[in-house]
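Letter by letter, the chains look like this.
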Amino acid sequence: MADVIIIGAGPAGLSAAIYVQRAGRAALVLEAMTYGGQIINTPEIENYPGIQSISGFEFATALYQQAVGLGAEIVFERAEKIEDDADTGMKKVTTSGGNTFTAGAVILATGAKNRHLGIDREEELTGFGVSYCATCDGAFFKGKPVAVNGGGNTALEDALFLAGYCSKIYLIHRREGFRGEPAVLEKLRQKENVEFVLNATVTELLGEPKLNGVIVTDKNTGEDRELQVDGLFIAIGQTPENKAFDNVAELDPAGYIIAGEDCTTNTPGIFTAGDCRTKTVRQLTTAASDGAVAALAACSYLDTL
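The paragraphs below set out a description of the structure included in this document. (Residues numbered from 1 in each chain as written. Predicted model: local features only at pLDDT ≥ 70, side-chain atom pairs only at ≥ 80, totals over all residues. Heavy atoms only, no water.)

Here we look at helix H7 (residues 284-302)
In plain terms, the rule: By the criteria applied, helices consist of DSSP H or I runs no shorter than four residues and strands consist of E runs no shorter than two, each listed in order from the N terminus. Any helix carries an expected span of 1.5 Å times its number of residues minus one. Per-residue accessibility, obtained with a 1.4 Å probe over protein chains only, is compared with the maximum for each type, and a residue is labelled buried under 20%, exposed over 50%, and partly exposed between these values.
Helix length check: H7, at 19 residues, gives a terminal C-alpha distance of 27 Å against a target of 27 Å (1.5 Å per residue), a fit within 8%. Within H7, the full set of buried residues consists of Leu284, Ala287, Ala288, Asp290, Gly291, Ala292, Ala294, Ala295, Ala298, Cys299, Tyr301 and Leu302.

Structural notes on the nonpolar core
In plain terms, the rule: Grouping buried Ala, Val, Leu, Ile, Met, Phe, Trp, Tyr and Cys residues that are joined through side-chain atoms within 4.5 Å yields what is termed a nonpolar core. Whether two residues touch is decided by their heavy atoms; if any such pair falls within 4.5 Å, the residues are in contact.
Val4, Ile6 and Ile107 are the most contacted members of the largest nonpolar core, which has 36 residues in total. Those elements that place two or more of their residues in this core are strand E1 (2-7), helix H1 (11-22), strand E2 (27-30), helix H2 (56-69), strand E6 (100-108) and H7. Considering every element that reaches this core, the biggest residue donor is H7, with eight residues. Residues contacting Ile6, with those up to four places away along its chain left out, are Gly13, Ala16, Ala17, Val20, Ala27, Leu28, Val29, Leu30, Ile107 and Ala109.

With respect to unusual backbone geometry
Backbone torsion omega between Glu208 and Pro209 reads 5°, so that peptide bond is classified as cis. Assignment of secondary structure puts Pro209 in the loop between strand E12 (200-206) and strand E13 (213-218). Phi at Arg121 is positive, roughly 75°, even though this residue is not glycine. A residue is classified by how much of its surface remains accessible, and Arg121, at 24% relative accessible area, is partly exposed.

Some thoughts on the sheet that holds E13
We apply this condition: Strand pairing is assigned whenever DSSP identifies at least 2 bridges connecting the two strands. Under this scheme, a helix contributes an axis fitted over its contacting stretch, all axes are lines through C-alpha atoms, and angles between N-to-C directions fall in the 0 to 180 degree range.
Pairing in this open sheet of three strands is antiparallel, and the strands run E12-E13-E14 from one edge to the other. Whereas interior strands pair on both sides, the edge strands pair on one side only; in this sheet they are E12 and strand E14 (224-227). Within this sheet the neighbouring strands show an average axis-to-axis angle of 30°, counted without direction. Bridge analysis of E13 against E14 gives four bridges, and the strand direction is antiparallel. By the bridge assignment for E14, Thr217 is matched with Asp224.

So, the sheet that holds strand E15 (residues 231-234)
The sheet built from five strands is open, its strands ordered E8-E15-E9-E10-E11 with parallel pairing. Sheet topology places strand E8 (130-131) and strand E11 (194-198) at the edges, where each strand pairs with a single neighbour. Of the pairings in the sheet, the one linking strand E10 (residues 168-173) to E11 comprises five bridges and is parallel in character. Residue pairing in the sheet places Leu171 in a bridge with Phe196 of E11.

Some thoughts on the packing of helix H5 (residues 153-162) against helix H6 (residues 182-189)
Rules: Helix crossings get a hand from a simple test, with the near helix turned counterclockwise from the far one by less than a right angle marking a left-handed crossing and a clockwise turn marking a right-handed one. The classification used treats Ala, Val, Leu, Ile, Met, Phe, Trp, Tyr, Cys and Pro as nonpolar, Asp, Glu, Lys and Arg as charged, and all other residues, Gly among them, as polar.
Interaxial distance between H5 and H6 falls to 10 Å at its minimum, and their mutual angle equals 35°. Judged by the twist between their axes, the crossing of H5 over H6 is left-handed. Contacts between H5 and H6 involve Leu156, Glu157, Ala159 and Leu160 on the former and, on the latter, Val184, Leu185, Lys187 and Leu188. In the contact of H5 with H6, the residues fall into six nonpolar, no polar and two charged.

Considering the state of the cysteines
Put simply, the test is: In plain terms, two cysteine sulfur atoms within 2.5 Å form what is called a disulfide here.
Across all of its chains, the model carries zero disulfides by this definition. Not part of a disulfide, Cys166 finds its nearest cysteine sulfur in Cys133, a span of 13 Å. A residue is classified by how much of its surface remains accessible, and Cys166, at 5% relative accessible area, is buried. Its sulfur unpaired, Cys263 is 9.0 Å from the next cysteine sulfur, which belongs to Cys276.

Things to note about the pairing of E12
By the bridge criterion, six bridges tie E12 to E13 in an arrangement that is antiparallel. Bridging across to E13, Leu205 finds its partner in Val214. Hairpin connection, E12 to E13: the antiparallel pair is bridged by six residues, and Gly207 has positive phi, about 115°.

A short note on the pattern of salt bridges
As a reminder of what qualifies: By definition, a salt bridge exists where a carboxyl oxygen of Asp or Glu is found within 4 Å of a side-chain nitrogen of Lys or Arg.
In the structure shown here, the tally under the stated rule is 12 salt bridges. The shortest N-O distance in the salt bridge between Lys243 and Asp246 comes to 3.1 Å. Between Lys279 and Asp290 there is a salt bridge whose closest N-O contact spans 2.9 Å. With Lys279 in the loop between strand E17 (270-272) and H7 and Asp290 in helix H7, this pair connects stretches of sequence that are 11 residues apart. With a relative accessible area of 2%, Asp290 lands in the buried category. Through salt bridges with shared partners, one network takes in Glu261, Arg277, Lys279 and Asp290.

Focus on the packing of H1 against H2
Our working rule: Roughly parallel covers angles under 35 degrees, roughly antiparallel covers those over 145, roughly perpendicular covers 65 to 115, and oblique covers all other angles.
The interhelical angle for the contact between H1 and H2, taken along N-to-C directions, is 30°, at an axis separation of 9 Å. Judged by the angle between their axes, H1 and H2 are roughly parallel. Every pair of crossing elements has a handedness; the one defined by H1 and H2 is left-handed. Contact residues: Pro11, Leu14, Ser15, Ala17 and Ile18 in H1; Ala60, Leu63, Tyr64, Gln66 and Ala67 in H2. By residue class, the composition of the contact of H1 with H2 is eight nonpolar, two polar and no charged.

Structure, rendered in structure tokens:
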């Protein structure tokens, strides 16, 4: 038994746990992998108010220790199903470990994962030249040619970051224009080691056992071109992991939980926080904010039971 079950131990989930505990309620956090979410792989955080600079690992660890220190319980099992208990009206959450946990309210803070290209050998070469985190793996490609695939802010920032390490950057985008910030794009245009490969998609990965090139196909002409690279950094967005909970929370066409700034879903007793919900800005600060809002909303809901 717990008062509030929180699914996900990223910044949103752990922030929610802190606020639940401080409200005098008992929080149980279920996490399939490890605490911290994606931020744990960030080497340096410089945009969190009040903290000039900190590594993602240090930040996540401090958040985890704060939640546990306040009495939150963390169970490292994947939440697989949420059901209403017909007898009590409570929420029952079943996990991959075969356990069932019960609470009056649930906060979905499942986050999102990196979107894959979905082409042959992508999984096989992940960690052997294919990466989804430039700041994590960029240093391994110092002095080598690499490619970045994507057209948003993450792709542009990845390319700019890698331009300081790598001999050559191919920035591959399926369109002519970019969705990312014009200021970052202009900085990239000034880099002599950055080449734009536009209206093109990555259609084949080369190399055995490590990546040594990619084939890109021009969308207009159908012409193939081989780029000799040692690394491919994929930055084409993220996908939420909410499908298992679509029976208790309405999802938009992209799979995000439909909820506004109040973090309230269409189901009484089910709340959401962080990157898994519909929102415009997905940052560390907004994840923490969501966690606080969802936690307080959940506690207020418990007062009505």
